[in-house]
Amino acid sequence: MGVYSKKNNESYQEYRDRAINSVSPSFCGAKWYNATIWLGNGTTASCHHPPAHKIPLEEVATSYKAIHNTQYKKLIRKQMLEGERPKECEYCWKIEDMGKDKISDRVYKSIIYTDEELKEAKTELGWQEDVDLKTLEIAFDPNCNFACSYCNASFSTTWQNDIKKSGPYQNLVSDGAAAFQHDGGHSMPYGKKNEGNPYVEAFWKWWEGELQFSLRELRVTGGEPTMSQDFWKLMKWWESNKDCEVDFAVNSNLGQKDELFEELLKASHNIKSFHLYTSCETIGAHAEYIRDGLKWEKWITNIERMLTEGNVKSINCMMTINALCLFGITDFMDEMLRLKRTYKTSSPNCSFNILRFPSFQSIVTLPKHIREERANHIEKWINDNYDGGANFFLDWERDGMMRMVSYIREIETGHSHTSSLETRERDWKSFYTQYDVRRNKNFVETFPMLKEWWDGIPMTNITQLTNTVDGDDAKSNKYVDEVMETAKKEGWVMKPQWANPGAQDYIEPEIDNMQDEVLNFIKNDESPM
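Residues numbered from 1 in each chain as written. Predicted model: local features only at pLDDT ≥ 70, side-chain atom pairs only at ≥ 80, totals over all residues. Heavy atoms only, no water.

A. Geometry of the confidence of the model for the protein chain. Of the residues in the protein chain, 95% reach a pLDDT of 70 or more, and the chain-wide mean stands at 92. Under a pLDDT of 50 for its full length, residues 493-509 has, in the predicted model, 37 contacts with residues more than four places off or in other chains. (pLDDT = per-residue confidence, 0-100. Contact = heavy atoms within 4.5 Å.)

Right, dumping it as structure tokens:
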């Protein structure tokens, strides 16, 4: 994205103290300049760690910039400027509380903005201004051909099909249970084509007005973006505006129909600075088990095709560090280093994003002795392969892996509402037993190293659910309720939170037909507006 504000020979700790903590010890530039916005159902967050919160329609009616600048988000900015640690940012506080030398993601999320911009957040913008974003990730809808084990029907129509076909997952009692007991109806209140969606309309107004000039990067995620007609509207806009200076990135699972992948390759040549983001964290059968729908050989082949045939500035692999990936993660990193050496590039750049939700699939659920063995194994791999970056294994990748090793060894609860270890273990077995049946998989055959532990976990048998639950997590975001209540008590200037627009009836899609429909749309010359 063209900005990297750490000075030469400056450590990340020195950068943090100079550029970030000098504003406030709890400051993070992402709260001003970055957002993820799920336009399909009108929710937002400033990065991938805090839970999403509702964007009040009342605020959007007043200003289209409210799809980022919600009243709630402004209150979090106020807390940060005053040195108070927002509770929704607990992921970073857990890392920082492990020791002064530990670098949390608020450093990596702030380093992409200039020192001046970070200062301006305090001196000029403050906490009440509507800020024009510099980096933005949007999701138009949850249309997706994958149903990854830790995902759910809020973000994948294939997951929605699973729940609609086989009902909610049973015998789950931990904090992550409800994610697998709803059908995602709330995630598509305006249908799979987003007809009449005020959040999408607000995005287009902001894009045409200011964002195409203020943004350094626009990233589109999903679902699988290439299955969204709104994504291809954006690609058509870019085809007519090839001089646009905004870096464009797409999060793709690289498992879409071959014809859609070919269209994505072609679209990359219409954009000055095209970046591909994708996700995987282990190889072969392990990867295909965790990410249901992924074909390992197709995924790695499509990365190589992007490197050789696409107009790509970078390829970035967002690794979701869950318990099951630890048994093939170094094999995966071997493959990433092979690609880097073969094509003499830092791509794929690898980031290590530790899964916290659902907590029963997190690292902290594994037995302590297994965690320690995995930490030692990964640490040895790091020491054997890091050579200062000459082999394209970069310092920040090494730092990310070392932080992961510390997490594996030291952290016992993934988040403040984590259920007990026994409860998480029981949900582990209950979930994957049902997952195997629904997805035609076999846990023990795929992960034989966990068989002894698996066999020792008792089965749970509780009253069976007969209906799905309400999966709209943003309705009950505890952080929002607490902050809004504090604001009222202390007399902060506030507007009331708008009512949840709710979910409309959802018609189960056929995934292949949806992809064919999008292909037909691409060939149509409709205007993006």
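B. Structural detail: the layout of surface pockets. Empty space within the second largest pocket amounts to approximately 290 Å³. Gln 13, Asp 101, Ile 103, Tyr 108 and Asp 399 are, among the 15 residues lining the second largest pocket, the residues nearest its centre. Per-element accounting of the lining of the second largest pocket gives the leading share, six residues, to helix H16 (residues 395-410). When the residues that make up the lining of the second largest pocket are grouped by side-chain class, the tally is four nonpolar, three polar and eight charged. (1 Å grid on protein atoms, 1.4 Å probe; cavity = no way out; pocket = protein on both sides within 12 Å on 5 of 7 lines; lining within 4 Å. Points joined across faces, edges and corners; volume = space filled by probe spheres on them. Helix = DSSP H or I, 4+ residues; strand = E, 2+ residues; numbered from the N terminus. Nonpolar A, V, L, I, M, F, W, Y, C, P; charged D, E, K, R; others polar.)

C. Just unusual backbone geometry, in detail. A cis amide bond links Gly 222 with the next residue in sequence, Gly 223, at an omega value of 10°. Mapped onto the fold, Gly 223 is located in the loop between strand S5 (217-221) and helix H10 (229-240). Each neighbour pair has its own omega, and for Ser 347 with Pro 348 the value is 0°, a cis peptide bond. Mapped onto the elements, Pro 348 comes out in the loop between helix H14 (329-343) and strand S9 (349-354). Despite not being glycine, Asn 194 shows a phi value in the positive range, around 60°. For Asn 194, the location among the structural elements is in the loop between helix H8 (157-166) and helix H9 (198-214).

D. Structural detail: the packing of helix H11 (residues 258-268) against helix H13 (residues 296-309). Look at H11 against H13: their axes get within 11 Å of each other, and the N-to-C directions meet at 25°. Comparing their axes, H13 and H11 come out roughly parallel. Our pair here, H11 against H13, has a crossing hand that is right-handed. Of the residues in H13, those touching H11 at Asp 258, Phe 261, Glu 262, Leu 264 and Leu 265 are Lys 298, Asn 302, Arg 305, Met 306 and Glu 309. Residues belonging to the contact of H11 with H13 are distributed by class as follows: four nonpolar, one polar and five charged. (Axes fitted to C-alpha atoms, helices over the stretch in contact; angles between N-to-C directions. Parallel < 35°, antiparallel > 145°, perpendicular 65-115°, else oblique. Left-handed = near helix turned anticlockwise from the far one by under 90°.)

E. Fine view of the sheet that holds strand S2 (residues 43-45). Sheet architecture is open: nine strands sit in the order S3-S2-S1-S4-S5-S6-S7-S8-S9, paired in mixed fashion. Looking at which strands have only one partner, the edges of the open sheet turn out to be strand S3 (53-54) and S9. The sheet contact formed by S2 and S3 spans two bridges and is antiparallel. Bridge pairing in S3 places Thr 43 opposite Lys 54. The sheet contacts of H14 involve strand S8 (314-321) and S9, and relative to S8 the element is tilted by about 175°. (Pairing = 2+ DSSP bridges.)

F. Quick peek at the environment of Thr 62. Secondary-structure assignment places Thr 62 in helix H3 (residues 57-62). Among the polar contacts listed, one links the side chain of Thr 62 to the backbone oxygen of Glu 58, at a separation of 3.3 Å. (Polar contact = N/O pair within 3.5 Å; in protein donor to acceptor, adjacent residues only side chain to side chain.)

G. Just empty space enclosed by the protein, in detail. All told, the structure shown has three cavities of 30 Å³ or more when counted by the stated rule. Reported here for the largest cavity is a volume of approximately 130 Å³. Broken down by secondary-structure element, the contributors of at least two residues to the lining of the largest cavity are helix H2 (30-33), helix H5 (90-96) and helix H6 (105-110). For the lining of the largest cavity, the element with the highest residue contribution is H6, accounting for three residues. Residues of the lining of the largest cavity, tallied by class, amount to eight nonpolar, two polar and four charged. Considering only enclosed or pocket space, the second largest cavity measures out at about 70 Å³ in volume. Every residue lining the second largest cavity is listed: Asn 143, Lys 192, Lys 193, Met 227, Gln 229, Met 514, Glu 517 and Val 518. Broken down by element, the lining of the second largest cavity gets its largest block of residues, three residues, from helix H21 (residues 511-522). Of the residues assigned to the lining of the second largest cavity, the class counts are three nonpolar, two polar and three charged.

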